[in-house]
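Descriptive structure summary
The residues making up each chain are set out below.
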Amino acid sequence: MVEIIVISTLIIAISMAFLCIKLVFRKNGRFSSQHIHDSAAMRERDIHCVMDQDREMRRRNRLAVNERTN
């Protein structure tokens, strides 16, 4: 049981060390954004995040309901 805990702790420590090394050698010490709206390739394909798609559909539905009631 103790061996499993020690091995798990070592794996986590090694992983954290690799993450720290990556941050030190990265430009400005940051990871790049993983959001869809920040990706040029996704914008070229006109792909948006779920929140943007949901907002657009709600706006369209409101417009459709308003047109039917008028």
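Note that the structure is predicted; figures quoted are calculated from it, not measured.

**Examining the overall build of the chain**
Scanning the chain from terminus to terminus reveals three helices and zero strands. In sequence order, the chain lays out its α and β elements as α-α-α. Over its C-alpha atoms the chain spans a radius of gyration of 23 Å, topping by over 25% the 11 Å that the globule rule assigns to 70 residues. For the chain, the residues scored as buried account for 1% of the 70 residues in total. Surface summary for the chain: the accessible area is close to 6900 Å², and the carbon and sulfur share equals 62%. The distance from the centre of the 12 positive side-chain charges to the centre of the 8 negative ones in the chain is 4 Å.

**Remarks on the confidence of the model for the chain**
Do not read the fine detail of predicted coordinates wherever pLDDT is low. Taken residue by residue, the chain gives an average pLDDT of 83. The fraction at 70 or more is 93%. When pLDDT is averaged over each helix and strand of the chain, the minimum, 83, is found for helix 2 (residues 40–44) and the maximum, 90, for helix 1 (residues 2–25).

**Some thoughts on a nonpolar patch on the surface**
Judged by side-chain polarity, Val-2, Val-6, Leu-10, Ile-14, Phe-18, Ile-21, Val-24 and Phe-25 come together as a nonpolar surface patch covering roughly 870 Å² of accessible area. Relative to the elements of secondary structure, Phe-25 occurs in helix 1. Given the relative accessible area of 70%, Phe-25 is considered exposed.

**A short note on the pattern of salt bridges**
Applying the stated rule across the entire model yields four salt bridges. Between Asp-54 and Arg-58 there is a salt bridge whose closest N-O contact spans 2.9 Å. Taken together, the residues Asp-54 and Arg-58, both in helix 3 (residues 50–69) and four residues apart, mark about one turn of the helix. The class for Arg-58 is exposed, based on a relative accessible area of 51%. Linking Glu-56 and Arg-60 is a salt bridge whose minimum nitrogen-to-oxygen distance equals 3.1 Å. A residue pair is termed a helical-turn pair when its members lie 3 or 4 positions apart in one helix, as Glu-56 and Arg-60 do in helix 3 at four residues. Classification of Glu-56 as partly exposed rests on a relative accessible area of 28%. Through salt bridges that share partners, Glu-56, Arg-59 and Arg-60 make up one connected network.

About the thresholds
Residues numbered from 1 in each chain as written. Predicted model: local features only at pLDDT ≥ 70, side-chain atom pairs only at ≥ 80, totals over all residues. Heavy atoms only, no water. Helix = DSSP H or I, 4+ residues; strand = E, 2+ residues; numbered from the N terminus. Rg over C-alpha atoms; globule rule 2.2 N^0.38 Å. Buried < 20%, exposed > 50% of the residue type's maximum accessible area, 1.4 Å probe, protein only. Areas by Shrake-Rupley, 256 points an atom, 1.4 Å probe, with all protein chains shown as cover. Lys, Arg positive; Asp, Glu negative; His and termini not counted. Charge placed at Lys NZ, Arg CZ, Asp CG, Glu CD. pLDDT = per-residue confidence, 0-100. Patch = residues over 30% accessible without salt bridge, like charges linked within 9 Å, V, L, I, M, F, W, Y side chains within 5 Å. Salt bridge = Lys/Arg side-chain N within 4 Å of Asp/Glu carboxyl O.

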